[in-house]
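Letter by letter, the chains look like this.
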Amino acid sequence: MSLDKMVLAFAGAMTLLSVLLTWFVSPYFLWFTVFIGVNQIQSAFTGFCPAALIFRKLGAKPGTAF
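Residues numbered from 1 in each chain as written. Predicted model: local features only at pLDDT ≥ 70, side-chain atom pairs only at ≥ 80, totals over all residues. Heavy atoms only, no water.

Regarding its fold elements, the chain presents 3 helices and 0 strands. When the helices and strands of the chain are listed from N to C terminus, the series reads α-α-α. Taking the principal axes of its C-alpha atoms as reference, the chain extends roughly 35 × 25 × 15 Å. Within the chain, the fraction of its 66 residues that count as buried is 21%. Intrachain contacts of the chain at a sequence separation of at least 6 include 57% that bridge at least 24 residues. As displayed, the chain offers around 5,000 Å² of accessible surface, 77% of which is attributable to carbon and sulfur atoms. (Helix = DSSP H or I, 4+ residues; strand = E, 2+ residues; numbered from the N terminus. Buried < 20%, exposed > 50% of the residue type's maximum accessible area, 1.4 Å probe, protein only. Contact = heavy atoms within 4.5 Å. Areas by Shrake-Rupley, 256 points an atom, 1.4 Å probe, with all protein chains shown as cover.)

Before going further, it helps to spend a moment on the nonpolar core. For soluble globular proteins, the rule of thumb is that nonpolar side chains tend to be buried together. Counting 7 residues, the largest nonpolar core is built from Leu 3, Val 7, Cys 49, Ala 51, Ala 52, Phe 55 and Ala 60. Every element with two or more residues in this core is listed here: helix H1 (3–24) and helix H3 (50–57). Not counting the four nearest positions on each side in its chain, Val 7 is found in contact with Cys 49, Ala 51, Ala 52, Phe 55 and Phe 66. (Core = buried A, V, L, I, M, F, W, Y, C linked by side-chain atoms within 4.5 Å.)

A few words now on the packing of aromatic side chains. Applying the stated criterion across every chain yields a total of 1 aromatic pair. Both rings, one in Phe 10 and one in Phe 55, keep their centres 5.6 Å apart while their planes meet at 85°; by these two values the pair is edge-to-face. One end of the pair, Phe 10, is in helix H1; the other, Phe 55, is in helix H3, and 45 residues separate them in sequence. Given a relative accessible area of 37%, Phe 10 falls into the partly exposed group. Using a relative accessible area of 15% as the deciding quantity, one classes Phe 55 as buried. (Phe/Tyr/Trp six-rings, centres within 6.5 Å; stacked < 30°, edge-to-face > 60°.)

Let us look at the packing of H1 against H3. The contact between H1 and H3 brings their axes to 10 Å, and the two run at 125°. With respect to H3, the element H1 is oriented oblique. Taken as a pair, H1 and H3 cross one another with a handedness that is right-handed. Between H1 and H3, the contacting residues are Leu 3, Met 6, Val 7 and Phe 10 on the first element and Ala 51, Ala 52, Phe 55 and Arg 56 on the second. For the contact of H1 with H3, a count of residues per class yields 7 nonpolar, no polar and 1 charged. (Axes fitted to C-alpha atoms, helices over the stretch in contact; angles between N-to-C directions. Parallel < 35°, antiparallel > 145°, perpendicular 65-115°, else oblique. Left-handed = near helix turned anticlockwise from the far one by under 90°. Nonpolar A, V, L, I, M, F, W, Y, C, P; charged D, E, K, R; others polar.)

Okay, here's the thing in structure tokens:
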């Protein structure tokens, strides 16, 4: 799996996790969902993604976006 696909899968999993935490634990976890969305938007404009840095260090093969 390329780095790009790993980042997209991770972002999707974190979004679903935040929705589940909001639903079952506390509505304050909605801020986690907001954080994920803001991080995706800034990554689209700047090309900087903390998750991509971590996956790259773990040995993921490069993609075209990150």
